[in-house]
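Chain by chain, the residues:
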Amino acid sequence: MNEPTTSGQSAKRRRRRFVACAALGTLVVALTGPGQAADGTPVRVVSINLCTDQQAMAIAGPGQLASVSRLARDPALSNMADTAAALPANDGRAEEVVSLGPDLVLAGSFTSRATVGMLRRLGVRVEEFAPANSFDDIRENLARMGQLLGRTERADELVREFDARLAVLESDKSETTQKPVAVVYHIGNGTDGRGTLADEILTAAGWDNLAARLGLGSYGALPLETLVTGKPDLVLVGGAEASWSTEALPNARHPAIMAATDNGTRLMVLPDRSTVCGTPFVVDAVARLVDERHRQATHRRPVP
């Protein structure tokens, strides 16, 4: 009879597998030639974060991206799912990343610390991107991605296109002093207050953010009672949250929300792919909210 496997033995086997994968990665690099072009531009780039996936796919040159995360293929989360489907996918594990022989790995600041740490200990260059909390953050991340990939002209082009679309939408803001009120509502009664990307999206579309009006900064809690008494014109929920069935989801299905919608509050699902990452695609969310503002202005019943 075989002896039971101890946790120590399992850990040793995992380490041996990782060492083997690391050796394979070294072999791949040796067989594929130098990791960078003569001018220092990386030629084998691996992204292991949904947001850096999309930035890199929009900026990278032909053949420069060796792999993106598997989430990039999900059309509910990614605006570039079709592009991602043509690239090898990864699950963000250090051993598989090393086996790809990258000369640059793109990660998010919330990417697994174990993965990032192991890659760096093996001498792999890892560049991390923090989540974008503003349009300026989006511009800065695009510019940085362009510099890292040696594609500054393409990055500058994307920023110009982003600004041009925003300018058109922001010029469409209502001239009235009374802005309609919206609020983003998450599972567990969470919301996006001042200093968040959602707040800037709402402002650009001509809406007043209820959470910011109440003095909430960043990501905070908004009790259901406060939401209802705030009488927002629009309650926004994410696509995934709207479809989940859980006791922690009191927002979209709560009787108080349903009653509020009967009295003029509209419940709207905003696609996650437009807001989950700080990319130029957030303009799509701004455009949807501009359209919704016009729709409500047209159908708003006069106050007796």
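Residues numbered from 1 in each chain as written. Predicted model: local features only at pLDDT ≥ 70, side-chain atom pairs only at ≥ 80, totals over all residues. Heavy atoms only, no water.

A few words on the sheet that holds strand β6 (residues 181–184). Strands sit in the order β8-β6-β10-β11 across an open sheet of 4 strands; the sheet is parallel. Edge positions in the open sheet fall to β8 (208–209) and β11 (266–270), since each of these has one partner strand only. The pairing of strand β10 (residues 234–238) with β11 spans 5 bridges and is parallel. Its bridge partner lying in β11, Val 235 is registered against Leu 267. Sheet strands in contact with helix α8 (residues 197–204) are β6, β8 and β10, and its direction is about 155° off that of β6. Running at roughly 160° to β11, helix α13 (residues 282–299) makes contact with β10 and β11 of the sheet. (Pairing = 2+ DSSP bridges. Helix = DSSP H or I, 4+ residues; strand = E, 2+ residues; numbered from the N terminus. Contact = heavy atoms within 4.5 Å. Axes fitted to C-alpha atoms, helices over the stretch in contact; angles between N-to-C directions.)

Looking now at the environment of Ala 56. In this fold, Ala 56 is placed in helix α2 (residues 50–59). For Ala 56, a relative accessible area of 0% gives the class buried. The sequence separation of Ala 56 and Val 46 amounts to 10 residues, and the corresponding C-alpha distance is 9.3 Å. Non-local contacts of Ala 56, meaning those with residues more than four positions away in its chain, are made with Leu 65, Leu 106, Met 145 and Leu 149. (Buried < 20%, exposed > 50% of the residue type's maximum accessible area, 1.4 Å probe, protein only.)

Here helix α5 (residues 113–121) has its buried residues at Thr 115, Val 116, Gly 117 and Leu 119. Remark: Gly 123 follows α5 within two positions and exhibits a positive phi of approximately 85°.

Moving on, we come to the nonpolar core. In this structure, Phe 135 and Val 286 are the most contacted members of the largest nonpolar core, which totals 48 residues. In terms of residue count, α13 provides more of this core than any other element does, 7 residues in total. By size, the runner-up hydrophobic cluster in this structure holds 12 residues, among which are Val 46, Ile 48, Val 98 and Val 116. (Core = buried A, V, L, I, M, F, W, Y, C linked by side-chain atoms within 4.5 Å.)

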